[in-house]
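Descriptive structure summary
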Amino acid sequence: MNLLKIRFLNAWVLSISGFSHRPLELASGLECDLALNLVGQPLVRQQLMKGLQQFLHSPSPAKPLVLSFHGSTGTGKTYVSSMLVRHLFQGGLGSPYVHHFSPIVHFPHAEHIEQYKESLKRWIQGNLTSCGRSAFLFDEMDKMHPGLIDVIMPFLGPSWVVYGTNYRKAIFIFISNAGGEQINEMTLDLWRAHRDREEISLQDAESAISKAVFENPQSGFWKSGIINEHLIDFVVPFLPLKHHHVKQCIVNELVQQGLEVRQDVVQEVADSIPYFPEEEKIFSSTGCKTVASRISFFF
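Since this is a predicted model, take the numbers as computed values, not measurements.

The secondary structure content of the protein chain amounts to 13 helices and 7 strands. Across the 299 residues that make up the protein chain, the buried fraction comes to 49%. Summed over its atoms, the accessible surface of the protein chain is roughly 14700 Å², and 54% of this surface lies on carbon and sulfur atoms.

Taken together, the 5 strands give an open sheet; going across it, the order is β2-β3-β4-β1-β5, and neighbouring strands pair in parallel fashion. Of all strands in the sheet, those bounded by a partner on one side alone are β2 (98-101) and β5 (234-237). Strand-to-strand twist across the sheet, computed as the mean angle between neighbouring axes with direction ignored, equals 15 degrees. Of the pairings in the sheet, the one linking β2 to strand β3 (residues 135-138) comprises 4 bridges and is parallel in character. Note that in β3 the partner of valine 98 across the bridge is alanine 135. Against the sheet, helix α6 (residues 113-130) engages β2, β3 and β4 (171-176), with an angle of about 155 degrees to β3.

Axes are the key here: two packed helices are described by the angle between their axes and the distance separating the axes. Where helix α11 (residues 243-256) contacts helix α12 (residues 263-271), the two axes come as close as 9 Å, and the packing angle between them is 125 degrees. In this view, α11 runs oblique relative to α12, as classed from their interaxial angle. In terms of crossing hand, the pair formed by α11 and α12 is right-handed. Counting all contacts with α11, which are made through His243, Val246, Lys247, Ile250, Val251 and Leu254, the residues of α12 involved are Val266, Gln267, Val269, Ala270 and Asp271. The class makeup of the residues in the contact of α11 with α12 is 7 nonpolar, 2 polar and 2 charged.

On to the state of the cysteines. For the structure shown, the criterion picks out 1 disulfide. Covalently, cysteine 249 is tied to cysteine 288 through a disulfide, its sulfur atoms 2.0 Å apart. As the torsion about the S-S bond is roughly 85 degrees, the cysteine 249-cysteine 288 disulfide counts as right-handed. Of this pair, cysteine 249 sits in helix α11 while cysteine 288 is found in the loop between β7 (283-284) and α13 (291-295), placing the two residues 39 residues apart along the sequence. We classify cysteine 249 as buried; its relative accessible area is 13%. By relative accessible area, cysteine 288 is classed as buried at 16%.

This part takes up the packing of aromatic side chains. Per the stated rule, a full pass over the model turns up 9 aromatic pairs. Residues phenylalanine 155 and tyrosine 167 carry aromatic rings whose centres are separated by 6.2 Å and whose planes lie at 85 degrees to one another, so their mutual orientation is edge-to-face. Of the two residues, phenylalanine 155 sits in helix α7 (residues 153-156) while tyrosine 167 sits in the loop between α7 and β4, which places them 12 residues apart along the sequence. An aromatic cluster is built from Phe101, Phe107, Tyr116, Phe138, Phe174 and Phe221, whose rings are joined through pairwise contacts.

The next point concerns the packing of helix α8 (residues 180-192) against helix α9 (residues 202-214). It is at 8 Å that the axes of α8 and α9 come closest, and there the two elements cross at 140 degrees. Taken together, the axes of α8 and α9 are oblique relative to one another. Pair α8 / α9 crosses with right-handed handedness. Note on element contacts: α9 touches α8 through Asp204, Ala205, Ala208, Ile209 and Ala212, opposite Gln182, Ile183 and Met186. Partitioning the contact of α8 with α9 into residue classes produces 6 nonpolar, 1 polar and 1 charged.

Here is what the cut-offs are and how they apply
- Residues numbered from 1 in each chain as written.
- Predicted model: local features only at pLDDT ≥ 70, side-chain atom pairs only at ≥ 80, totals over all residues.
- Heavy atoms only, no water.
- Helix = DSSP H or I, 4+ residues; strand = E, 2+ residues; numbered from the N terminus.
- Buried < 20%, exposed > 50% of the residue type's maximum accessible area, 1.4 Å probe, protein only.
- Areas by Shrake-Rupley, 256 points an atom, 1.4 Å probe, with all protein chains shown as cover.
- Pairing = 2+ DSSP bridges.
- Axes fitted to C-alpha atoms, helices over the stretch in contact; angles between N-to-C directions.
- Contact = heavy atoms within 4.5 Å.
- Parallel < 35°, antiparallel > 145°, perpendicular 65-115°, else oblique.
- Left-handed = near helix turned anticlockwise from the far one by under 90°.
- Nonpolar A, V, L, I, M, F, W, Y, C, P; charged D, E, K, R; others polar.
- Disulfide = S-S within 2.5 Å.
- Phe/Tyr/Trp six-rings, centres within 6.5 Å; stacked < 30°, edge-to-face > 60°.

In C-alpha cells form, the structure reads like this:
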C-alpha cells in the first residue's frame, strides 16, 4: 500500500472514530495544556491523565470511561471538561459527537421524569450507534432529579453490547458543585493546621465527596445504581483557589484577550474578588469564574 493510500486510510479511520487526532497523540496534548493553563489543581491533573491514558491506550477498553468532577464554583470543572473534549474531538463542544446535558434546560420538570428517562436512553443509544467514540457531559448533577440518571446505567458497565450497540469506547463526564463545601472545609482544616492544600490526599477528598453527594436525598446520585455498582472510574476533586492562583488566572486571561499584563491591574482584579473565611480571606469564593468579566472594569 503506497503512502497516499495509508494517509487516506488513517484520515478515514479518524473521521469515523469521532476523534480529532490519533488516540495515542491526544493524552500528551491534553497533559501539556493542563500543565500550562489549569491553575492550582494537582489532583485533577493526576486523576484525569491517569484515567485518560489507560482508556485511550487500550484498543478495546473493558468499559466506557466514566468521570465525576466535584468542587465549588469557579475551580475549573467546566473549563477542564471543555478542554478535554477540545483535544479529543474536532470542534470541541460543537462536535456532533459531544453531547451536553443540563438538568435545568433538558430535564426541568420532575413530573416528566419517566418521559425524560426514555428520551435520554434513546438519545444515547442512537448516538452511540452512529459513533462509538462519543462523549456525554452531564452538568449540574447536584440539580438532577434523583433517579433520572440511572437510566444510563446499561451504557456504563463492562458488557459488550447494549440494545445492539457497542458503547465501550464512549466517555461520560458528570459535573457537580456538590462536595465542594466539604472539600473547602477540608482544605481550611489543613490551612489551620499550618499545612498546604496540596497535602490533601485523593482518598480523603473522595470520602468527603461520597458523604456529600452519594448520601444526599437532593443529589442526582442519591441511591443511584451507578454508585452502588461502582460504575464511576475516577472521582476528580477540584480544590478551592488561593489568592496567588487567582492572579495566575488573571494573567492567563489578559494574555488570552491580547491585553497588556500590568501588575497593578492583576492586583486590583484579584483584590476585587471575594474570599473566605471572612476574616482571613484565604480562598476565593468564586474561584476564577468572574475573572474575565472583572478585567474590563480596570481597562
